[in-house]
Amino acid sequence: MALVRSLLGAKKILGRSISAASTSKRASSSVPKGFLAVYVGESQKKRYVVPISYLSQPSFQALLSKSEEEFEFNHPMGGLTIPCPEDIFINVTSRLQ
């Protein structure tokens, strides 16, 4: 049940982020089907394109929860922003591959 709530929460975050990104100038960069763009970092943000399959992974969901706590649905980059150090993001996502 907790997994379902997490997935619904992630879907809600992404749905609003994607709609905001569609009006953003940054959205002009294309993202392949089956992937999504995320912005990672604490002060300076770097763009990463990750597979949507990550959304079902508990470790990635923890990053999304941190994003929701900090930004709610107002992401400053126009897309999904994950407020963690880049090296932690790389460490988490490298374990998912």
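Right, let's walk through the structure included here.

We now examine the pattern of salt bridges. Within this structure, the stated rule accounts for one salt bridge. The shortest N-O distance in the salt bridge between E86 and K46 comes to 3.5 Å. In this pair, E86 is assigned in helix α3 (residues 86-96) and K46 in strand β2 (residues 46-51), connecting sequence segments 40 residues apart. Note on E86: relative accessible area 30%, which makes it partly exposed.

So, on to the sheet that holds strand β1 (residues 35-40). The strand order β2-β1-β3 describes an open sheet built from three strands, whose pairing is mixed. Strands with a single pairing partner mark the edges of an open sheet, and in this sheet they are β2 and β3 (80-82). Taken pair by pair, the neighbouring strands of this sheet meet at an average axis angle of 40 degrees, ignoring direction. Taken strand by strand, α3 contacts β1, β2 and β3, and its axis lies near 10 degrees from that of β2.

Rules behind the numbers
Residues numbered from 1 in each chain as written. Predicted model: local features only at pLDDT ≥ 70, side-chain atom pairs only at ≥ 80, totals over all residues. Heavy atoms only, no water. Salt bridge = Lys/Arg side-chain N within 4 Å of Asp/Glu carboxyl O. Helix = DSSP H or I, 4+ residues; strand = E, 2+ residues; numbered from the N terminus. Buried < 20%, exposed > 50% of the residue type's maximum accessible area, 1.4 Å probe, protein only. Pairing = 2+ DSSP bridges. Axes fitted to C-alpha atoms, helices over the stretch in contact; angles between N-to-C directions. Contact = heavy atoms within 4.5 Å.

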